[in-house]
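# Remarks on the overall topology
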Amino acid sequence: MNRFWIKTPFFFEYVFPKYHWKIKNTSRKIFLTFDDGPIPEVTEWVLDILKKENIKATFFCIGENISKHSDIFLRIIKEGHSIGNHTFNHLNGWKTNSKEYITNTDYCQEAIKDQFKILKKEYDTSFLFRPPYGKIKNKQANRLREKGFKIIMWDVLSYDFDQSTSPEKCLDHVLKNTTTGSIIVFHDSLKARKNVEYALPKAIQKLKEKGFTFETLD
């Protein structure tokens, strides 16, 4: 049984209005996002696909991976994609002390800023944050908002991280559930590699055929 909803129920927007589940618009814009990178090969492959298709996305990065693979992170920035914070160590907010959670998020934010300094660029991307596993306590969320973060959840989950889910099913999840304003989640991780390499290019092509355009979050 799936542990997460593939299509986030509409009433979540009303129960949790301070979280961003989708971005309402009237011009068929959708928002492609990737969690858990950057890592060698998988993130690089994703970037190659996005470049080939001439679209931009938003990458929610783990601080530890930024530190280990700064060259790939810098490529994400150079190619015009948006950056989001995904904590330094991929923490589950429900299982983590709030002070530790905020400190860990701050470490990730410093790692992000340090890389922008290398490029001699201002960190002009809005503060975007996605809680790992989508699990965050109210106290943690409120503190992050006080720091200026927008907390980004999702409207459509590809389920590419679940190795019991077939690549074909991942594609089906995205194509059947994407509507105008959808925030779509894929993962640039080793665990998701087989599924994302199958589903991502086909999803992009099919969604373009349906008249959708891809935008970054800000």
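In what follows, the structure referred to is the one given above.
For clarity, every value in this text was computed on a predicted model and none was experimentally measured. Position numbers for residues start from 1 in each chain and track the written sequence from start to end. Local features are withheld for residues below a pLDDT of 70 in this predicted model, meaning they are given only at 70 or higher, and side-chain atom pairs are given and counted only at 80 or more; totals for whole chains, interfaces and linings count all residues. Side-chain metrics in this entry use all non-hydrogen atoms of the structure; hydrogen atoms and water are not considered.

## Details of helix α5 (residues 98-118)
Only DSSP runs of H or I covering at least 4 residues are called helices, and only runs of E covering at least 2 are called strands; the numbering of each starts at the N terminus. Expected helix span is given by 1.5 Å per residue-to-residue step, counting one fewer step than there are residues. In a regular helix each residue adds 1.5 Å, so 21 residues correspond to 30 Å; α5 covers 31 Å between its end C-alpha atoms and thus fits that length. Here α5 has its buried residues at Ser98, Tyr101, Ile102, Asn104, Thr105, Cys108, Gln109, Ala111, Ile112, Gln115 and Phe116. Here the buried face of α5 lies against β2 (58-61), α3 (63-68), α4 (70-78), β3 (82-85), β4 (128-129) and α6 (138-146). Partly exposed residues are those whose accessible area sits between 20% and 50% of the maximum for their type, while under 20% is buried and over 50% is exposed, using a 1.4 Å probe and protein chains only. By definition, residues are in contact when any of their heavy atoms lie within 4.5 Å.

## A word on a nonpolar patch on the surface
Residues enter patches when their relative accessible area tops 30% and they take part in no salt bridge; the joining distance is 9 Å for like charges and 5 Å for the nonpolar side chains Val, Leu, Ile, Met, Phe, Trp and Tyr. Accessibility throughout is a Shrake-Rupley quantity obtained with a 1.4 Å probe, and a residue counts as covered only by protein chains that appear here. The term salt bridge refers to a pairing of a side-chain nitrogen on Lys or Arg with a carboxyl oxygen on Asp or Glu at a separation within 4 Å. Residues Phe10, Phe11, Tyr14, Val15 and Phe16 make up a contiguous nonpolar surface patch of about 580 Å² in total accessible area. Checked against the element boundaries, Tyr14 lands in helix α1 (residues 12-15).

## Concerning the packing of aromatic side chains
Working definition: a ring pair exists when centres of Phe, Tyr or Trp rings (six-membered ring for Trp) sit within 6.5 Å. Plane angles under 30 degrees give stacked, over 60 give edge-to-face, the rest tilted. Scanning the entire structure with this criterion turns up 16 aromatic pairs. Pairwise contacts between aromatic rings join Trp5, Phe10, Phe11, Phe12, Phe16, Tyr19 and Trp21 into one cluster. Across the ring face of Tyr198, the terminal group of Lys202 is positioned such that the distance to the ring centre comes to 4.2 Å. Counting as a charge over the ring demands two things of the Lys NZ or Arg CZ atom: a distance within 6 Å of the ring centre and an angle within 35 degrees of the ring normal.

## Things to note about the packing of helix α2 (residues 42-53) against helix α8 (residues 193-209)
Describing two packed helices takes the angle between their axes plus the distance from one axis to the other. Running from N to C, α2 and α8 point in directions that differ by 15°, and their axes come no closer than 11 Å. Taken together, the axes of α2 and α8 are roughly parallel relative to one another. Crossing geometry of α2 relative to α8 is assigned as right-handed. Mapping the contact onto sequence places Val42, Trp45, Val46, Ile49, Leu50 and Glu53 in α2 and Arg193, Val196, Glu197, Leu200, Pro201, Ile204, Gln205 and Lys208 in α8. Under the grouping applied here, Gly and all other residues not named as nonpolar or charged are polar, the nonpolar ones being Ala, Val, Leu, Ile, Met, Phe, Trp, Tyr, Cys and Pro and the charged ones Asp, Glu, Lys and Arg. Looking at the contact of α2 with α8 residue by residue, the classes come out as 9 nonpolar, 1 polar and 4 charged. Every axis corresponds to a line fitted to the C-alpha atoms, with the helix fit spanning only the stretch in contact, and the corresponding angles, defined between N-to-C directions, vary from 0 to 180 degrees. Each angle is binned into one of four classes, with values under 35 degrees roughly parallel, values over 145 roughly antiparallel, values of 65 to 115 roughly perpendicular, and all other values oblique. For any pair of crossing helices, the crossing counts as left-handed if the nearer helix is rotated counterclockwise from the farther one by less than a right angle, and right-handed if it is rotated clockwise.

## A look at the side chain of His81
Within the secondary structure layout, His81 lies in the loop between α4 and β3. Overall, His81 belongs to the buried group, its relative accessible area being 7%. Engagement of the side chain of His81 in a polar contact is seen with the backbone nitrogen of Ala57, the distance being 3.0 Å. With near-sequence residues (within four places) excluded, His81 lies in contact with Leu47, Leu50, Ile55, Lys56, Ala57, Phe59 and Ile76. Distance and chemistry together define a polar contact, namely a pair of N or O atoms within 3.5 Å, with one atom able to donate a hydrogen and the other to accept it when in protein, and with adjacent residues in sequence counting only for side-chain atoms on both sides.

## Side note on the pairing of strand β7 (residues 183-187)
With respect to burial, β7 is a largely interior element, 5 of its 5 residues being buried. Residues Ile183, Val185 and His187 of β7 are buried on one face, and the alternating residues Ile184 and Phe186, pointing to the opposite face, are buried as well. Between any two strands, pairing holds if DSSP finds at least two bridges. Relative to β7, strand β1 (residues 29-35) is paired through 5 bridges, and the arrangement is parallel. When the bridges of β7 are listed, Phe31 appears paired with Ile183. Where strand β6 (residues 156-157) meets β7, 2 bridges bridge the pair, whose relative direction is parallel. When the bridges of β7 are listed, Leu157 appears paired with Val185. In this view, the connection linking β6 to its parallel neighbour β7 by way of helix α7 (residues 167-177) has right-handed handedness. By the criterion used throughout, a crossover qualifies as right-handed when its path from the first strand across the helix to the second strand runs clockwise, the strands pointing away from the viewer.

## Overview of α8
Here α8 contains 17 residues, and its C-alpha end-to-end distance of 25 Å stays within 8% of the 24 Å for a straight helix at 1.5 Å per residue. Regarding α8, the residues found buried are Asn195, Val196, Ala199, Leu200, Pro201, Ala203, Ile204 and Leu207. Structurally, α8 contributes buried residues whose contacts are with β1, α2, α7, β7 and β8 (213-215). A positive phi of about 95° marks Gly211, the residue just after α8.

Geometric values such as these leave the question of function open.
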